[in-house]
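# A closer look at the structure
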Amino acid sequence: METIKIGILGLGTVGSGVIRILRDHAEKISNITGRRLEVKTVVVHNLKKKRSVDLTGINLTDNADDVLCDDEIQMVVEVMGTVNIAKEYIERALKAGKHVITANKDLIATHGPELISLAKEHGCDLCYEASVAGGIPILRTIVNSFSADRIIEVRGIVNGTTNYIMTQMNKNGASYEDALESAQELGFAEADPTNDVDGIDAAYKMIILTQFAFGKDVTMDQVKVKGIRGIQKADIAEAKRLGYVIKLLGIAKLVNGHIDVSVGPVLVPQTQPLAAIQNENNAVVVTGSAVGETMFYGPGAGELPTANSVLSDITSVTKNIVMGTTGFSFNDYTNELELADDSEVVYSYYLSLQVLDKPGQMLKLTEIMTEYEASFRLITQTQMNDRFARVSMVTHEMSESQLNHIVEKLNELEEISVLAAYKVLPEK
């Protein structure tokens, strides 16, 4: 049986998992692909660091040229976790005629189109299943299982760190600060959690999902992004009382033939499956015009789940090598969609307001809502302290444009300030 030799750039959690699975499942992989897969060289930053995986027979080096300039190596796995250096190495690998598998969502979200073009130019495969939702095979599923359907919406929990934090707040009544500290202690959150808690990581993943589901390349500045830093225990409690759970969701949705992509806190009805996704797990709901709603659930990170997605790409590329069908894009679907205008994007909204506790404030609120032809279907008031009350409301459906005008107008008042404004998913 012929052998395909692999080079790996990076030996952190995922890289170690790739080596472990390749060794543990070698016989099955060979039976499926018709080739023996062998890791020849691994590039690391620190050669002296103690490793948790058996590297017997593998060349360990700190020189990327040992992979990129080795003609024996046909396939390169990039699991470094950087952007600029990883981009340089991937470009060099593709130009050298090597197929590339990466788990680098930041890189694919920001430079995907040019790397895909470069791969095509050199007849190479470029795959990145592990870049979204860890162990959930969502990208390949969209390509293969939804190829004949028209996808209307993709929404989901695509960041395990924020879902862990929200689980602690929703189930255990923890504050945001305490939940974040717990996530950091358990290794779910970095010392600097900015990318996770500010929604940036989820936005990168939604960029990739949007390209697969809708054939549209969107950029980071075209995604509406809001994180979870400002979520208060009072809003968690109020949402629960109303029958909702607050989750950080990514949503890509067709609206009047246009596309809207966002990441932010959303009130999810407790009756919906997404409300039950706990801790670091991920879930993606794909809505097709033919099949309706389907949900894909699983671990969003971790050594073996993410490495398993990398291995699915490795086996796919190996099959392509055997059949002589390399050089085709992971996803060929393109569609010239325009971005939806804020006036087209319609939801109900949850608003949490701090209101000076004196007569006339509710009248001001009602007048502003009326000015922008909006209304609320429920409203409650609780005392915050001697001076202020918290007013919470859920509106009837209105456009995002209406919401933005209302929030702007309310924040101009000295007596009222907007504490939170979140989408509310409809009951289904």
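Residues numbered from 1 in each chain as written. Predicted model: local features only at pLDDT ≥ 70, side-chain atom pairs only at ≥ 80, totals over all residues. Heavy atoms only, no water.

### Section: the pattern of salt bridges
We count it as follows: Whenever Lys or Arg places a side-chain nitrogen within 4 Å of a carboxyl oxygen from Asp or Glu, that contact is recorded as a salt bridge. Strands are runs of DSSP state E lasting at least 2 residues, helices are runs of H or I lasting at least 4, and numbering of each runs from the N terminus.
Evaluated as defined, the whole model comprises 25 salt bridges. Residue Arg20 pairs with Glu303 through a salt bridge whose shortest N-O separation is 2.0 Å. With Arg20 in helix 1 (residues 13-24) and Glu303 in helix 12 (residues 303-323), this pair connects stretches of sequence that are 283 residues apart. Note that Glu91 and Lys87 form a salt bridge whose closest N and O atoms lie 2.7 Å from each other. Of this pair, Glu91 and Lys87 both sit in helix 4 (residues 84-95), four residues apart, roughly one helical turn. Bridged by salt links that share partners, the residues Lys5, Lys40, Asp70 and Glu72 form one connected network.

### Description of the pairing of strand 10 (residues 258-269)
Rules: Residue exposure (1.4 Å probe, protein chains only): buried if accessible area is under 20% of the type maximum, exposed if over 50%, otherwise partly exposed. Any two strands with at least two DSSP-identified bridges between them are counted as paired.
For strand 10, the buried fraction is high: 11 of the 12 residues fall into the buried class. Two strands pair when backbone bridges link them, and strand 8 (residues 224-225) and strand 10 are joined in this way by two bridges, in the parallel orientation. Paired with Lys224 across the two strands is Ser262, which belongs to strand 10. For strand 9 (residues 244-255) and strand 10, the ladder comprises 12 bridges, and the chain directions are antiparallel. Opposite Val245, over in strand 10, you have Val268 as the bridge partner. Joining the antiparallel neighbours strand 9 and strand 10 is a turn of two residues, in which Asn256 adopts a positive phi near 55°.

### Section: the sheet that holds strand 6 (residues 126-127)
What counts, and what does not: Note on definitions: a residue-residue contact is assigned when non-hydrogen atoms from the two residues lie within 4.5 Å. The angle between two axes is taken between their N-to-C directions and runs from 0 to 180 degrees, where each axis is a line fitted to C-alpha atoms and a helix contributes only its stretch in contact.
Across the sheet, which stays open at both edges, the six strands sit in the order 3-2-1-4-5-6 with parallel pairing between neighbours. Looking at which strands have only one partner, the edges of the open sheet turn out to be strand 3 (59-61) and strand 6. When strand 1 (residues 3-9) meets strand 4 (residues 73-78), the two strands line up parallel, connected through five bridges. Its bridge partner lying in strand 4, Ile8 is registered against Val77. Packed on one face of the sheet, helix 4 meets strand 1, strand 4 and strand 5 (99-102) and runs near 155° to strand 5.

### Notes on the packing of aromatic side chains
Rules: Between 30 and 60 degrees the pair is tilted, below 30 it is stacked and above 60 it is edge-to-face, where a pair is any two Phe, Tyr or Trp rings, Trp via its six-membered ring, whose centres lie within 6.5 Å.
Taken as a whole and judged by the stated rule, the model has seven aromatic pairs. Ring centres 5.0 Å apart and planes at 55° place the aromatic pair Tyr164 and Phe188 in the tilted group. With a gap of 24 residues between them, Tyr164 in helix 7 (residues 160-172) and Phe188 in the loop between helix 8 (176-185) and helix 9 (194-197) connect regions that are remote in the sequence. Judged by relative accessible area, Tyr164 falls into the buried class, the value being 6%. With a relative accessible area of 29%, Phe188 lands in the partly exposed category. A network of ring pairs unites the aromatic residues Tyr128, Phe212 and Phe330 as a single cluster.

### Considerations on a negative patch on the surface
Note the cut-off: Like charges are joined within 9 Å and nonpolar side chains (Val, Leu, Ile, Met, Phe, Trp, Tyr) within 5 Å, but only among residues with over 30% relative accessible area and no salt bridge; these make up the patches. With residues, only the protein chains shown are counted as cover, and all accessible areas are computed by Shrake-Rupley using a 1.4 Å probe. A residue counts as positive if it is Lys or Arg and as negative if it is Asp or Glu; His and the chain ends are not included. Each charge is placed at NZ for Lys, CZ for Arg, CG for Asp and CD for Glu.
Negative charge collects at one region of the surface, where Glu177, Asp178, Glu181 and Glu185 lie side by side. Residue position: Glu177 is located in helix 8.

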